[in-house]
Amino acid sequence: MTEEKRESLNFIESIIEEDLKAGKHSGRILTRFPPEPNGYLHIGHAKAICINFETAKKYGGSTNLRFDDTNPTTEDTEYVESIQRDIRWLGFDWNGSPLYASDYFDTLYDYACRLIQTGLAYVDDSSPEEIASMKGTPSEPGVHSPFKSRTPEENLDLFERMKQGEFPDGTRVVRANVDMSSPNMLLRDPIIYRIKKEHHHRTGDQWCIYPMYDFAHGQSDSIEGITHSLCSLEFIHHRPLYDWFIEKLGIFPSRQIEFARMNVEYMITSKRKLLKLVNDGFVSGWDDPRMPTISGMRRRGYPAAAIRNFCDKAGVAKRENTIEINLLEACVREELNVIALRAMVVLEPVRLVITNYPEGQTEWLQAENNPEDPEAGTRQIPFGRELWIEREDFMEVAPPKFFRMTLDADVRLKHAYIVHCTGVDYAADGSVETIYATYYNNSRSGEDVSGIKPKGTLHWVSREHAQSCEIRLYDRLFTCPDPAADEETDFLTFYNPDSLKVVTGVMMEPSLQHSSPGTQYQFLRQGYFCTDPQSTTECKVFNQTVGLKESFSKEVRKG
RNA sequence: UGACCCAUGGUGUAAUUGGCAACACAGCAGAUUUUGGUUCUGUUAUUCUAGGUUCGAGUCCUAGUGGGUCAACCA
């Protein structure tokens, strides 16, 4: 008998399971992801995507992709493409073709007519300022518009003429007749249609009136038969309106459920701020590897599975939350550790000469591509008398816990031999120029009979075979975890000028020369990297995805 | 000074619905290691406050405190 541990459910799953138990919608589950095509998807969208797609999948349901394109002023087809690409890359697929709120403009127009006919909506000629002032404040009720009492016939006629383009933008709106004294501001006769003589990315010039969010979103859900409409907490005040329209129209009762959006340290998701970073040149574009956009994270080398796993581990609830960035990085490392190919690359090269190794000799050594995955196979790497090693891996006199190369001590060269450091030459400026060592010829990796057990192992590259490449090291984009916390302070104050460090003249092992963009590596003892699309045949470019966990540098910091 | 939402280790999320507060990440200590990685072991630390109901409250009730949200012809 297996003692089955009851799986814990998040609050959305609990609601769904209750619905299922009650036989609601005959057990059918349909969710939706409703982006507005006016920007690139970011980590916050990734969270919403995961919740909507994974929750549906878990209960045998599926998910619609619907573009919420009711505002032609800001929307564009360009975003329709990028959004689909990002969702697919994340590993999700929607039902059939993408849907559009604009597909329902005819239906929505009819719905509005129905409300007008039953006295539940009216045309208001007031100016935007007048409407705002009549709305009242959260603590005082609003007052009725002088146009609220028009007859259905008059309203219908006016609405039709709005549709025909008789009136200029902003001169008239249609408002739902709800309750001007409601404590919920959204119920104070919300605007449901406005005049906008603008070209729509899909309907062209067919319409000059467009429905507002509140008159499009819920109805679109209903038209599609969405059972659970999962959105973020900020829409909670819209729910009474969402339900009101469904009730008054007598249409399919989709249910809106709100969850707290996910915030992540050092990441901002404000469209306006992201745009500013791009436009003002703080980053190279929407897909700059420092950006919290899906395209940025993809270029950075974050695996889609890691992002999905991260969203899952962050959980779902209704309280404000800020997830530590190290959880994201832990998920990225966890995934990459298993799939990334290992390779050796020397960032700050210094020359190492093995004085007792025959001049002109090259030895090809076997190296595993991934110790976590034998199936990844092995490759041959060249070894010779002269090598490059990392400058910071040498200290002539070293502190007790320095397990690297130091004078008169042994150290292992990964996949190769144990060497004994015998000397060092300094340049005129005092920097290390050449390090000298001897090797133990019976200590070759895999057939070591030397009996020597050095504490440290270094990565290296054969000087004769090394090729030069460029590496881009990334740090947090901001110097504080929540750059948008204080509205008084410009978030750019916290821009981290050291968030990108370009290192050129990096020495890489020759196997890397055929690497194609997007390939993920672990450069031994350095971290995870990913080949950038800007690589050329002459010069490869690698983006640092995330560093390795490092306990040594922590000890150094402690002093 | 209206309404609504929320409050559990450093962070986030659980707690079989009123029955020994747990899991992950982070931290710390150790073991293993031809990556100071990985893996493994151990460990620190939690129910906003005050009342009430109850044999028993993180959970239910009341009041308070704190945080968030709402007054775009944006979504």
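To be clear, the structure that these remarks concern was listed above.
Thresholds applied
Residues numbered from 1 in each chain as written. Chains lettered and ligands numbered in written order. Predicted model: local features only at pLDDT ≥ 70, side-chain atom pairs only at ≥ 80, totals over all residues. Heavy atoms only, no water. Near = heavy atom within 4 Å. Polar contact = N/O pair within 3.5 Å; in protein donor to acceptor, adjacent residues only side chain to side chain. Helix = DSSP H or I, 4+ residues; strand = E, 2+ residues; numbered from the N terminus. Nonpolar A, V, L, I, M, F, W, Y, C, P; charged D, E, K, R; others polar. Pairing = 2+ DSSP bridges. Axes fitted to C-alpha atoms, helices over the stretch in contact; angles between N-to-C directions. Phe/Tyr/Trp six-rings, centres within 6.5 Å; stacked < 30°, edge-to-face > 60°. Buried < 20%, exposed > 50% of the residue type's maximum accessible area, 1.4 Å probe, protein only. Disulfide = S-S within 2.5 Å. Contact = heavy atoms within 4.5 Å.

An account of the protein's contact with RNA strand B is needed here, citing residue identities and associated values.
Around RNA strand B, a shell composed of 68 residues is seen, among which R319, R342, S445, Q522 and R525 lie nearest. Close to the protein, within 4 Å, the atoms of RNA strand B are drawn from sugar and phosphate at a rate of 64%. Within the side chain of H238, a nitrogen or oxygen atom sits 3.1 Å from a base nitrogen of RNA strand B. Take S445: an N or O atom from its side chain is 2.2 Å from a base nitrogen of RNA strand B. Of all the secondary-structure elements, those providing two or more residues to the surface near RNA strand B are strand 6 (191-195), helix 11 (304-314), strand 11 (322-323), helix 12 (325-339) and helix 13 (551-558). When its residues are assigned to classes, the surface near RNA strand B shows 22 nonpolar, 24 polar and 22 charged.

I'd love a proper account of the sheet that holds strand 4 (residues 121-124), names of residues and values included.
Strand order in the open sheet made by the 4 strands is 4-5-6-7, with antiparallel pairing throughout. Sheet topology places strand 4 and strand 7 (209-211) at the edges, where each strand pairs with a single neighbour. If you compare each strand with its neighbour and ignore which way they point, the axes differ by 20 degrees on average. One ladder, built from 3 bridges, connects strand 5 (residues 173-176) with strand 6; its direction is antiparallel. Residue R175 lies in a different strand from strand 6, and its bridge partner there is I191.

So what's going on with the packing of aromatic side chains? Which residues, and what values?
Enumeration over the complete set of coordinates arrives at 24 aromatic pairs. For the ring pair Y109 and W207, a centre distance of 5.9 Å and an interplane angle of 55 degrees mean the geometry is tilted. Residue Y109 is found in helix 4 (residues 105-117), and its partner W207 is found in the loop between strand 6 and strand 7; the two are separated by 98 residues along the sequence. Across the pair, exposure class does not vary: Y109 and W207 are buried alike. With 5.4 Å between their ring centres and 50 degrees between their planes, F383 and Y417 make a pair best called tilted.

Quick rundown of the state of the cysteines? Include the residues and the values.
Under the criterion given, the structure shown has 0 disulfides. Left unpaired, C469 is separated from the closest cysteine sulfur, that of C539, by 6.5 Å. Using a relative accessible area of 1% as the deciding quantity, one classes C469 as buried. Of the cysteine sulfurs around C530, a residue in no disulfide, the closest is that of C469, at 13 Å.

For the sheet that holds strand 1 (residues 30-33), give the residues involved together with the corresponding values.
Spatially, the 3 strands line up as an open sheet ordered 1-2-3, and their pairing is parallel. Edge positions in the open sheet fall to strand 1 and strand 3 (99-100), since each of these has one partner strand only. For strand 2 (residues 62-67) and strand 3, the ladder comprises 2 bridges, and the chain directions are parallel. For R66, the partnering residue across the bridge sits in strand 3 and is L99. Against the sheet, helix 2 (residues 43-58) contacts strand 1 and strand 2, and its axis sits at roughly 165 degrees relative to strand 1. Packing against the sheet, helix 3 (residues 77-90) makes contact with strand 1, strand 2 and strand 3, and its axis sits at approximately 160 degrees to strand 2.

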